[in-house]
Amino acid sequence: MQRPDQTVSTVLVVDDEDDILELLTYNLQRAAIKTLTARNGVEAISIARHHPVDLIILDFLMPRMDGLETCRRIRQDSHLRYIPILFFTVRSGEEDHIRGLDSGADSYLPKTSSMGVIISQVRALIRGVGRQDTAPAKLAVHDLEIDRGRFVVFRKKGDERIELRFPRKEFELLHFLASSPGRVYGRQDLLDRVWGSDVYITERTVDVHVRKIREKLGSKYIETVTGVGYRFADQA
């Protein structure tokens, strides 16, 4: 993760095509961003475990371990799960976009994107890691305790206290909604508040993340407001 005193960010670029690695490395370094490279998911995870990384750019199709599986394994790794992931791939269809987000990615760009858009997206995602929220670090709402400092959610079940862990953007979305129970937010507003207004993703991203949160917590906490967006329930 990027630290306040760190002026140069590090991006891990993962792709099995040498020309893509060279293109991204050249342009990221021109933008004063340090780069590391890997040619498959196995190599990428090994590198990320041994070097501080602020962002991972990940291709879909690679040998040994494809991008989707790599993303899932990163999100399951307690040391790596909070690193932002940007899919950068020739697979540009909506179904592929959704699959990428479902696997735990923060954003998704097709390889037809301009280099200006790519650099802007990289910077926005890295800035998002350090974005400060005015909401309390710990929220106690309904039967949930949401600890922003540790990125952990606890749910009371009888005498038990069950620990739940979420990928970064799912956690940030849950924390943001839970900080104002009953208040309705439109999808674009949630994108701007949680992802940042300079991140190039669609409103469908919010729907995917809400669905993933509901799979872990149940559907009673986040309510859909038809034609508007979402709110955290006043009562759960």
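Check the entry above for the structure.
Presented here is an overview of the structure given in this document. Given the structure is predicted, the values throughout are model-derived calculations rather than measurements.

1. Comments concerning the packing of aromatic side chains
Right, on to step 1. On inspection of all chains with the given rule, the structure shows six aromatic pairs.
Right, on to step 2. Summarising the aromatic geometry, the rings of phenylalanine 60 and phenylalanine 87 are spaced 4.8 Å apart at their centres and angled 70° between planes, so their arrangement reads as edge-to-face. Residue phenylalanine 60 is found in the loop between β3 (55–58) and α3 (67–76), and its partner phenylalanine 87 is found in strand β4 (residues 85–89); the two are separated by 27 residues along the sequence. Judged on exposure class, the residue phenylalanine 60 and its partner phenylalanine 87 are both buried.

2. Side note on the environment of arginine 165
Right, on to step 1. Relative to the helices and strands, arginine 165 is located in strand β9 (residues 160–165).
Right, on to step 2. Judged by its relative accessible area of 36%, arginine 165 falls in the partly exposed class.
Right, on to step 3. Not counting the four nearest positions on each side in its chain, arginine 165 is found in contact with Arg81, Tyr82, Arg150, Phe151, Val152 and Lys216.

3. A short note on the sheet that holds strand β11 (residues 222–225)
Right, on to step 1. Taking strand neighbours across the sheet as the criterion, the three strands line up as β10-β12-β11 in an open arrangement whose pairing is antiparallel. Looking along the sheet, the strands with just one partner apiece sit at the ends: β10 (184–186) and β11. Going from strand to strand, the sheet's axes swing by 30° on average, the running direction of each strand aside.
Right, on to step 2. In this structure, β10 lies alongside strand β12 (residues 229–232), joined through three bridges in antiparallel fashion. Along β12, the bridge assignment pairs valine 184 with arginine 231.
Right, on to step 3. Sheet strands touched by helix α8 (residues 204–217): β11 and β12. Its angle to β11, the strand with the most contacts, is close to 145°.

4. Re the sheet that holds β9
Right, on to step 1. Here we have four strands laid out as an open sheet, ordered β6-β7-β8-β9, and antiparallel in their pairing. A strand with exactly one partner marks an edge of an open sheet, and here the two such strands are β6 (138–141) and β9. Each neighbouring strand pair of the sheet contributes to a mean axis angle of 20°, computed without reference to strand direction.
Right, on to step 2. Across four bridges, strand β7 (residues 144–147) lies against strand β8 (residues 152–157) in antiparallel orientation. Along β8, the bridge assignment pairs glutamate 145 with phenylalanine 154.
Right, on to step 3. Relative to the sheet, helix α6 (residues 168–178) contacts β6, β7 and β8, its axis offset from that of β7 by approximately 120°.
Right, on to step 4. Strand contacts of α8: β7, β8 and β9, with the helix running at about 155° to β9, the strand carrying the most contacts.

5. Topic: unusual backbone geometry
Right, on to step 1. The backbone of arginine 64 sits at a positive phi, close to 70°, despite the residue not being glycine.
Right, on to step 2. Position of arginine 64 relative to the elements: it lies in the loop between β3 and α3.
Right, on to step 3. For arginine 64, a relative accessible area of 68% gives the class exposed.
Right, on to step 4. Despite not being glycine, histidine 142 shows a phi value in the positive range, around 55°.
Right, on to step 5. Mapped onto the fold, histidine 142 is located in the loop between β6 and β7.

6. Thoughts on the pattern of salt bridges
Pairs may arise between side chains of opposite charge once their charged atoms sit close together.
Right, on to step 1. If you walk through the whole model with that rule in mind, you get 20 salt bridges.
Right, on to step 2. The closest approach of N and O atoms between aspartate 18 and arginine 39, which form a salt bridge, is 3.0 Å. One end of the pair, aspartate 18, is in helix α1 (residues 18–30); the other, arginine 39, is in the loop between β2 (34–38) and α2 (41–50), and 21 residues separate them in sequence.
Right, on to step 3. Among the salt bridges present, the one from aspartate 106 reaches arginine 75, with a minimum N-O distance of 2.9 Å.

7. Considering the nonpolar core
Right, on to step 1. Counting residues in hydrophobic clusters, the biggest one holds 29 residues, and the most contacted among them are Ile146, Leu174 and Phe232.
Right, on to step 2. Residues contacting isoleucine 146, with those up to four places away along its chain left out, are Ala137, Lys138, Leu139, Val141, Val152, Val153, Phe171, Leu174, His175 and Ala178.
Right, on to step 3. Core analysis: the next-biggest nonpolar cluster, separate from the first, contains 23 residues, Leu12, Val14, Phe60 and Phe87 among them.

Cut-offs used in this document
- Residues numbered from 1 in each chain as written.
- Predicted model: local features only at pLDDT ≥ 70, side-chain atom pairs only at ≥ 80, totals over all residues.
- Heavy atoms only, no water.
- Phe/Tyr/Trp six-rings, centres within 6.5 Å; stacked < 30°, edge-to-face > 60°.
- Helix = DSSP H or I, 4+ residues; strand = E, 2+ residues; numbered from the N terminus.
- Buried < 20%, exposed > 50% of the residue type's maximum accessible area, 1.4 Å probe, protein only.
- Contact = heavy atoms within 4.5 Å.
- Pairing = 2+ DSSP bridges.
- Axes fitted to C-alpha atoms, helices over the stretch in contact; angles between N-to-C directions.
- Salt bridge = Lys/Arg side-chain N within 4 Å of Asp/Glu carboxyl O.
- Core = buried A, V, L, I, M, F, W, Y, C linked by side-chain atoms within 4.5 Å.

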